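Chain and residue survey
Each chain, letter by letter, is given below.
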There are 2 protein chains.
Amino acid sequence: METSHSGDELARILATLANPHRMRVIAALAHGRNYVSALARELGISRPLLQLHLAKLEAAGLVTAAFELSADGKAMKYYDTVPFAVTLTPQSIALAARTLTTEEGNN
Amino acid sequence: METSHSGDELARILATLANPHRMRVIAALAHGRNYVSALARELGISRPLLQLHLAKLEAAGLVTAAFELSADGKAMKYYDTVPFAVTLTPQSIALAARTLTTEEGNN
DNA sequence: GGCACATGCTAGTTTTTTCTTGCAGGTGAA
DNA sequence: TTCACCTGCAAGAAAAAACTAGCATGTGCC
């Protein structure tokens, strides 16, 4: 299910998804949840970089994070995808554009 | 109708749509085609800036351009939206991510 | 203790994108 | 000719995003 987004929300979602790393993160998490260090190894990127992308995905509401204690007592941060469905058409863009809050008045 | 996109195509489409100015351009053109100078006035942005955004929209295949002679013989460049429909879900992202061509092997 | 694993954060660099400014060309009409 | 339109392009500045490197914390196990 998908509620309708404001123009700013939609712009943020699109900007977030429009990145190869983040697309791969979504793809990896679609197979199942994972914690950041393992995910970084799986994707072959550095952990700080992955954390940056995860933060953006979470800010856009596309993934969720949950702390969990492993069997040996370590705190792991598990990420999972949030089910979303966004349909883009000229009309849906036009509708969203009406609620954009970027200040006008530029030349 | 919408054919399925490669990961790179999808990324480009999303990056292109994820911009307030370009969303407004799509919205304006959804009401009807227009030429760039008039469109710039309508949107309240400078013509060079609009041309930049139109070029990106055209490169992403979201709008088309056509030259046309006005009644008084001036060459006008008319832009129009291309009907598109892209649905975004974790699964569709995952599918597209498999065809990304960004070189891997970074740390 | 020392190693291997987990997390977080931040400062600084590199790269990309966005935007402005300014110039060029063309047309028709007064 | 001059004015009001239309187009195109490019150089440089400004802003935003991406990325690296490094240091901090904590845990359990050998």
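Keep in mind it's a predicted model, so treat the numbers as computed, not measured.

What about the protein's contact with DNA strand C?
The environment of DNA strand C is formed by 22 residues, the closest being S37(A), R41(A), R22(B), K56(B) and D72(B). Taking the atoms of DNA strand C that fall within 4 Å of the protein, sugar and phosphate contribute 67% of them. In this structure, Q51(A) approaches DNA strand C through a side-chain N or O atom, which is 3.1 Å from a phosphate oxygen. Take H53(B): an N or O atom from its side chain is 2.8 Å from a phosphate oxygen of DNA strand C. Secondary structure elements with two or more residues in the surface near DNA strand C: helix 3 (36–43), helix 4 (47–59) and strand 3 (75–81) of chain A together with helix 2 (20–31) and helix 4 (47–59) of chain B. For the surface near DNA strand C, the element with the highest residue contribution is helix 4 of chain B, accounting for 5 residues. Class assignment of the residues belonging to the surface near DNA strand C gives a composition of 8 nonpolar, 6 polar and 8 charged.

Details of the interface of chain A and chain B
Chain A puts 34 residues into the contact, and the matching count from chain B is 34 residues. Where chain A abuts chain B, roughly 2900 Å² becomes buried across the two surfaces, and 72% of that area is made up of carbon and sulfur atoms. By the criterion of area lost to chain B, the three top residues of chain A are M23(A), L88(A) and P90(A), representing 21% of everything that side buries. Viewed at the interface, chain B and chain A are joined by 0 salt bridges. Those elements that place two or more of their residues in the side of chain A that touches chain B are helix 1 (7–17), helix 2 (20–31), strand 4 (86–88) and helix 5 (90–97) of chain A. Looking at which element gives the most residues to the side of chain A that touches chain B, the answer is helix 2 of chain A, with 7 residues. Along the lines of polarity and charge, the residues of the side of chain A that touches chain B split into 24 nonpolar, 9 polar and 1 charged. Looking at chain direction, strand 4 of chain A and strand 4 (residues 86–88) of chain B are connected through 3 bridges and run antiparallel. When the sheet's bridge partners are listed, T87(A) is paired in strand 4 of chain B with T87(B).

Describing the packing of aromatic side chains
All names here are of chain B. Tallied over the full model, the rule gives 2 aromatic pairs over all chains. Relative to Y78, the ring of Y35 lies with its centre 5.7 Å away and its plane at 65 degrees, an arrangement referred to as edge-to-face. In this pair, Y35 is assigned in strand 1 (residues 34–35) and Y78 in strand 3 (residues 75–81), connecting sequence segments 43 residues apart. Here Y35 falls in the partly exposed class, since its relative accessible area comes to 22%.

As for the protein's contact with DNA strand D
The immediate surroundings of DNA strand D are formed by 22 residues, with K56(A), D72(A), S37(B), R41(B) and K77(B) found nearest. For DNA strand D, the fraction of atoms within 4 Å of the protein that belong to sugar or phosphate moieties is 72%. N19(A) is positioned such that a nitrogen or oxygen atom in its side chain is 3.2 Å from a phosphate oxygen of DNA strand D. In the environment of DNA strand D, a phosphate oxygen lies 2.5 Å from a nitrogen or oxygen atom belonging to the side chain of K56(A). At the level of secondary structure, the elements contributing two or more residues to the surface near DNA strand D comprise helix 2 and helix 4 of chain A together with helix 3 (36–43), helix 4 and strand 3 of chain B.

Re the sheet that holds strand 1 of chain B
Residues and elements named next belong to chain B. Here we have 3 strands laid out as an open sheet, ordered 1-3-2, and antiparallel in their pairing. This sheet does not close on itself; its edge strands, each paired only once, are strand 1 and strand 2 (63–69). Where helix 4 meets the sheet, its contacts fall on strand 2 and strand 3, and the angle it forms with strand 2 comes to roughly 120 degrees.

Each value, and the rule that gives it
- Residue numbers run consecutively from 1 along every chain, following the written order of its sequence.
- In the order they appear in the text, chains get letters beginning with A and ligands get numbers beginning with 1.
- For this predicted model, a pLDDT threshold of at least 70 governs which residues receive local features, and a threshold of 80 or more governs which side-chain atom pairs are given and counted, while totals over whole chains, interfaces and linings are taken from all residues.
- Side-chain measures were taken over the full set of non-hydrogen atoms in the model, leaving aside hydrogen atoms and water.
- We call a residue near a given molecule or strand whenever any one of its heavy atoms falls within 4 Å of it.
- Side-chain atoms alone can form a polar contact between residues adjacent in sequence; in general such a contact is a pair of N or O atoms within 3.5 Å, and within protein one must be able to donate a hydrogen while the other accepts it.
- Working definition: helices are DSSP H or I runs of at least four residues, strands are E runs of at least two. Numbering for both runs from the N terminus.
- Nonpolar residues are Ala, Val, Leu, Ile, Met, Phe, Trp, Tyr, Cys and Pro. Charged residues are Asp, Glu, Lys and Arg, and all others, Gly as well, are polar.
- Contact definition: two residues touch when any of their heavy atoms are within 4.5 Å.
- Buried area: the accessible area, evaluated with a 1.4 Å probe, that two parts lose upon being put together, summed over both parts.
- Within this document, salt bridges are pairs made up of a side-chain nitrogen of Lys or Arg and a carboxyl oxygen of Asp or Glu, the two lying within 4 Å of each other.
- For two strands to count as paired, DSSP must find a minimum of two bridges between them.
- When the centres of two rings from Phe, Tyr and Trp lie within 6.5 Å, Trp using its six-membered ring, the rings pair. Their planes under 30 degrees apart give stacked, over 60 give edge-to-face, and anything left gives tilted.
- Buried means the residue's accessible area, taken with a 1.4 Å probe over protein chains only, is under 20% of the maximum for its type, while exposed means over 50%, and partly exposed covers the values in between.
- Note on definitions: angles span 0 to 180 degrees between N-to-C directions of axes, and those axes are lines fitted to C-alpha atoms, for helices only across the stretch in contact.

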